[in-house]
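Spelled out from the first residue to the last, the chains are:
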Amino acid sequence: MRASVESGEKRPTSNPHLLAWVDEMAKMCKPDRVSWCDGSAEEKQRLTEEALKAGVLIPLDQKKLPGCYFHHSNPNDVARVEHLTFICTPTKDEAGPTNNWMAPQEAYQKLSGLYDGSMKGRTMYVVPYVMGPARSPFAKVGIELTDSVYVALNMGIMTRMGKVALDRLGAESKEFNKGLHSVADSNPDRRFICHFPQDNAIWSVGSGYGGNALLGKKCLALRIASYLAKSEGWLAEHMLILEAESPSGEKHYVAGAFPSACGKTNFAMMIPPAQFQGWKVRTVGDDIAWMRVGDDGRLWAVNPEYGYFGVAPGTNRKTNPNAMDTIKKDTLYTNVARSKDGDVWWEGMDGETPAELIDWKGQPWKKGSSEKAAHPNSRFTAPVQNNPALSPSYDDPKGVPISAIIFGGRRSTTVPLVLQSLGWKHGVYLGATMGSETTAAATGAVGVVRRDPMAMLPFCGYDMGTYLGHWLSMEKRIPKPPQVFLVNWFRKSADGKWLWPGYGDNMRVLKWMLDRCEGKVGATETPLGFTPKQGDLDVRGLEGADVAAATRIDLKEWVGELDSQAEWFQKIGKTLPPVLEQQRQDLLKKVKAATT
Ligand code: GTP
Ligand code: SPV
Ligand code: MN
C-alpha cells in the first residue's frame, strides 16, 4: 500500500503545515515508507544497521575507530556541482550574473518530473533539524526529506537533528525550510540543486554528496540565509569562527572567509607553536558564520552547524592534531582510502605510505600508483563534541563578539602573507576582489585563479553586486566594526615550494592581527593596506619559511591583478557599488605612480 504511506505509523508532530507538505512530497516521490527521524541514539544505531545491510556503509576497525564507517559515493558524484546549482527567483536579475538562474515555475516543473516515483522501493526519511544553537533567537528550522540513509545519518551529525527541531517549530508555525532531496538515479544529466529563496525551499535531485545533499549546510545556511540576511540586516557567511585566548586570559574571536578547501577547518582547529606558550585557540565553527549586530554595537557570530564535514587529504598529526583526535570515533568517512584491516588513509597522512590499500572506489591500490588512493575531496563527518579544542561558546545562543574578519585566498603568487585594510570600505574591497585557485571541493578545473568574493561565489543566494552593497551598508549598522584583514598561506617560490609553512604557524599572523586590533603593534602603510613592519611578526623558532618572500609586495604584479579585477567588476555589472570601482581606480593610480 503506497498512497497513505504512513498508515499505522504515529507521526511525531501535529503541525498541519508540515504534515500537509510531507504528504504532498510523498505523493510525488512515492516512497515505500516514510520514516520520521527523532535524533535519538537508538535511531542512529538502527539507521546505521540499515545502511550496513544495504552496503551504503562499510564497517571500519571498531577497536581502532569505534562508531566509524566508510562510505563511497558514486564516482560521478564526488563534489559540489556549481554548474548544476540554481537560484530560482522570479527574475534573473535577482539571482545576478554569477549565479545560474531558472524561473521558479520551470524549476518546480522540471524537477517534479525527476522526483515523480523516484523513491519507489525506498524509504523517505523526514529529517527535522535546527541550524544554530537550539535556544538561540537566530536559529532556523529546516526539514529535509531524503531517500538517502547516508544523508539522514550525516544530517544527524552536522545539525541538531530530530525532536529538538520539531519542539522548536511547534504545532502551528509555517517557519521552516522545505528541503526535498532524492538521489534518484544519480545521473549527472538529471542532477539539479535548486533554491527558491522566496518560498524558503530547496529541491535537490541526483546527487548524494556533501553540499549538494546535506541541505542545511550550503543550501540553507548560506544561499537561503544570505538572502534573508540581506533583507533583515545581518550576514550569513562562509566563515570559520575561532576563539583565541591569550596567556593572561583575554579572549578574542575572529571570523575567517577562505574559499572551499582553503584552510578554514585547519585554522579553526590550529595549535599554536611552542613559542606561543599559554595561548589557546579553540573552535567555535569551521565553515559557516551567521553574524548580527549586538546591543553593544559589536558584530556577534554563531555557528549554525553541529559537526564538521572536513577535507581528509592533508590532515595529519602534524598539520591538524585536533582534527585527527576529532575523527577517532563516531565519524563517517567518505571516499577516503582504506587498509584491508579497516583503517583509513589519504594522501598527506602521517608516516609511510602503506604498500597496499583499497582506493576510494573500492579497487586494490599499490604504493607508487599514479592514481590517488583517496579522492582529493574525500571528507570526514564528525560531531563537534569530538573536538578537543571545542570552545564552550559554540552553543551560546547569543554567539561570540568578532574582533577581526579575515579574508584568505589560495594564491601561488602576488598576494602577500597578510594585509590589514585601511578601513571598512577598503576591507569590503579586499573581500570583493579576493582571488583564489580552484580546488577539488567543486567539480571542474583545479588550480585556476578565479574571483571568489568573501569566499561566497558559489554560495550567495542573490545578486553579487547587491551582496557587496549589503556588506558596505553594514558599516553604518556596526558602531564597533571588526578590523578586516587579507591573508594568503599559499604563496609559492618559483620552484613551487610553499614560502610559508602554514597550519600552526599561522598563529604568528593571527597574533599580529590581534595586536593590530588592540593597537599594540605598528605597521607599514602600503598602497595595498597595512603590513607588518620588519620584526613585528613573531618568527621565533619558525622553520621552513621564507618570510621576506612570503610578505613581499611587488607592485608590478599588481598591475595585472588590478586588470583582472576590472574584468571581474565588469562581470558583476550594473549593481556593483561604485565605491568599489573607485577603490580599484585609486589603488591603480598609486600602483602606477610607484612603478613608473
Ligand atoms: P571546506 O570544508 O571545503 O570549506 O574547506 P576548508 O576551508 O575548511 O579547508 P581545510 O582546512 O579543510 O583545508 C583544505 C586543504 O588545505 C587541506 O588539504 C589542508 O591540509 C590544506 N591547508 C589548510 N591550511 C593550510 C595552510 O596553512 N598551509 C597549507 N600549505 N595548506 C593548508
Ligand atoms: C565547501 O565546498 O565549501 C564545503 C564542502 O564545505 S560541501 O559541504 O560539499 O560544500
Ligand atoms: Mn566550505
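Residue indices follow the written sequence of each chain, beginning from 1 at its first position. Following the order in which they are written, the chains are lettered starting with A and the ligands numbered starting with 1. Local features in a predicted model are, by the rule used here, given only for residues with pLDDT of at least 70; side-chain atom pairs are given and counted only at 80 or more, and totals for whole chains, interfaces and linings are based on all residues. In computing side-chain properties, one takes all heavy atoms of the structure into account and sets aside hydrogens as well as water.

1. Remarks on the confidence of the model for the chain
Our working rule: pLDDT: the predictor's confidence for each residue, scored from 0 to 100. Any pair of residues with heavy atoms lying within 4.5 Å of one another is described as a contacting pair.
Overall, the predicted model of the chain reaches an average pLDDT of 97, with 98% of residues at or above 70. Scored below 50 in pLDDT, residues 1–5 shows eleven contacts in the model against residues more than four places distant or in partner chains.

2. Points about the sheet that holds strand 24 (residues 379–383)
As a reminder, the rule being used: The pairing criterion for strands is at least two bridges between them, as found by DSSP. Here a strand is any run of E in DSSP of at least two residues, a helix any run of H or I of at least four, and the numbering for each starts at the N terminus.
In space, the five strands of this open sheet follow the order 2-3-19-24-18, with mixed pairing throughout. This sheet does not close on itself; its edge strands, each paired only once, are strand 2 (58–59) and strand 18 (307–311). Alignment of strand 19 (residues 332–334) against strand 24, held across three bridges, turns out to be antiparallel. Note that in strand 24 the partner of Leu 332 across the bridge is Thr 381.

3. Some points on the site of ligand 1
What counts, and what does not: Neighbouring residues are identified by heavy atoms, a residue being near a molecule or strand if any of them is within 4 Å of it. As used in this structure description, the phrase polar contact means that two N or O atoms lie within 3.5 Å; if the pair is within protein, one of them must be able to donate a hydrogen and the other to accept it, and residues adjacent in sequence are counted only when both atoms belong to side chains. Under this grouping Gly is polar, as are all residues other than the nonpolar Ala, Val, Leu, Ile, Met, Phe, Trp, Tyr, Cys and Pro and the charged Asp, Glu, Lys and Arg.
Near ligand 1, the surroundings consist of 22 residues, among which Lys 264, Asn 266, Pro 313, Arg 379 and Tyr 503 are the closest. Between ligand 1 and Ala 261, the relevant distance is 2.8 Å, taken from an oxygen atom to a main-chain nitrogen or oxygen of the residue. The separation between an oxygen atom of ligand 1 and a polar main-chain atom of Gly 263 is 2.9 Å. When residues of the shell around ligand 1 are traced back to their parent elements, those giving at least two are helix 9 (264–268) and strand 18. Top element by residues in the shell around ligand 1 is helix 9. It accounts for three residues. Taken together, the residues of the shell around ligand 1 sort by class into ten nonpolar, eight polar and four charged.

4. Remarks on the pattern of salt bridges
Our working definition: We define a salt bridge as a side-chain nitrogen of Lys or Arg found within 4 Å of a carboxyl oxygen belonging to Asp or Glu. Residue exposure (1.4 Å probe, protein chains only): buried if accessible area is under 20% of the type maximum, exposed if over 50%, otherwise partly exposed.
Applying the stated criterion across every chain yields a total of 37 salt bridges. In this structure, Lys 218 engages Asp 287 in a salt bridge whose closest nitrogen and oxygen atoms are separated by 2.7 Å. Here Lys 218 is found in helix 8 (residues 216–232), whereas its partner Asp 287 is found in the loop between strand 15 (280–285) and strand 16 (289–293), with 69 residues between them in sequence. Considered together, Lys 218 and Asp 287 belong to a single accessibility category, that of buried residues.

5. Considering the nonpolar core
For the record, the criterion: Throughout, nonpolar core names a set of buried Ala, Val, Leu, Ile, Met, Phe, Trp, Tyr and Cys residues whose side chains join them through atoms within 4.5 Å.
Counting residues in hydrophobic clusters, the biggest one holds 91 residues, and the most contacted among them are Met 291, Phe 407 and Trp 471. When residues in this core are grouped by element, the largest group, eight residues, is from helix 5 (residues 149–158).

6. As for the layout of surface pockets
The line we're drawing: Lining residues are defined by having an atom within 4 Å of a point belonging to a cavity or pocket. Those points lie on a 1 Å grid over the protein atoms alone, cavities being sets where a 1.4 Å probe fits but cannot get out and pockets being open sets with protein on both sides within 12 Å along at least five of seven lines. Grid points are joined across faces, edges and corners, and a volume is the space filled by probe spheres set on the points.
Taken as a whole, the second largest pocket encloses approximately 410 Å³ of empty space. Lining the second largest pocket we find 22 residues, and of these Val 56, Asp 147, Ser 148, Val 149 and Val 183 sit closest to its centre. Residues of the lining of the second largest pocket, tallied by class, amount to eight nonpolar, nine polar and five charged.

7. Examining the pairing of strand 18
The side chains of a regular strand alternate between the sheet's two faces. Buried residues dominate strand 18, accounting for four of its five residues. As judged from the five bridges shared by strand 18 and strand 24, these two strands associate in the antiparallel manner. In the strand pairing of strand 24, Gly 307 is matched with Pro 383.

8. Re the coordination of the manganese ion (ligand 3)
What counts is decided by this rule: Only nitrogen, oxygen and sulfur atoms qualify as donors, provided they sit within 2.8 Å of the metal or within 3.2 Å for Na, K and Ca; with water excluded from the atoms, sites may seem incomplete. Labels for metal geometry use angle windows, namely 85 to 135 degrees for all angles of a four-donor tetrahedral site, and for square planar (four donors) or octahedral (six donors) sites opposite donors over 155 degrees apart plus all others within 65 to 115; sites meeting none of these are irregular.
Distances from the manganese ion (ligand 3) to its protein donors, Lys 218 (NZ), His 238 (NE2) and Asp 287 (OD), fall at 2.2 to 2.3 Å. Between the six donor atoms coordinating the manganese ion (ligand 3), the angles at the centre fall across 74 to 177°, so the site counts as octahedral. Mapping the donors of the manganese ion (ligand 3) onto the primary sequence gives the spacing K-x19-H-x48-D. Note that Lys 218 is positioned in helix 8 and His 238 in the loop between strand 12 (235–237) and strand 13 (240–245), a separation of 20 residues in sequence.

9. Comments concerning the site of ligand 2
The environment of ligand 2 is made up of Arg 80, Gly 210, Gly 211, Lys 217, Lys 218, His 238, Ser 260, Asp 287, Phe 309, Arg 379, Ala 441 and Phe 459. Those elements giving two or more residues to the shell around ligand 2 turn out to be helix 7 (210–213) and helix 8. Of the residues contributing to the shell around ligand 2, the split by class is three nonpolar, four polar and five charged.

10. Notes on the environment of Leu 299
One can find Leu 299 in strand 17 (residues 299–302). Its relative accessible area of 0% is what places Leu 299 among the buried residues. For the pair Leu 299 and Met 513, spaced 214 residues apart in the sequence, the C-alpha separation amounts to 17 Å. What Leu 299 contacts, discounting residues up to four positions off in sequence, is Leu 235, Met 291, Arg 292, Val 293, Val 400, Pro 401, Ile 402, Ile 405, Ile 478, Lys 480 and Pro 482.

11. Side note on helix 15 (residues 555–572)
The condition that has to hold: The span you would expect from a helix comes to 1.5 Å times its residue count less one. In this description, one arc is meant: the one made by directions from the helix axis to the C-beta atoms.
Here helix 15 contains 18 residues, and its C-alpha end-to-end distance of 25 Å stays within 8% of the 26 Å for a straight helix at 1.5 Å per residue. Looking only at helix 15, the buried set comprises Leu 555, Trp 558, Glu 561, Leu 562, Gln 565, Trp 568, Phe 569 and Ile 572. Down the axis of helix 15, the sector holding all buried residues measures 115°, keeping them to one side. Turned more than 90 degrees off the buried face of helix 15, the exposed positions are Lys 556, Glu 567 and Gln 570.

12. Let's talk about the state of the cysteines
Filter applied, for reference: Throughout, disulfides are identified as pairs of cysteine sulfur atoms within 2.5 Å of each other.
A full pass over the atoms with the stated rule returns zero disulfides. With no disulfide of its own, Cys 194 lies 4.1 Å from the sulfur of Cys 88, the closest cysteine sulfur. Considering cysteine sulfurs only, Cys 194 is the nearest to Cys 219, which forms no disulfide, with 9.8 Å between them. Judged by relative accessible area, which is 0%, Cys 219 ranks as buried.

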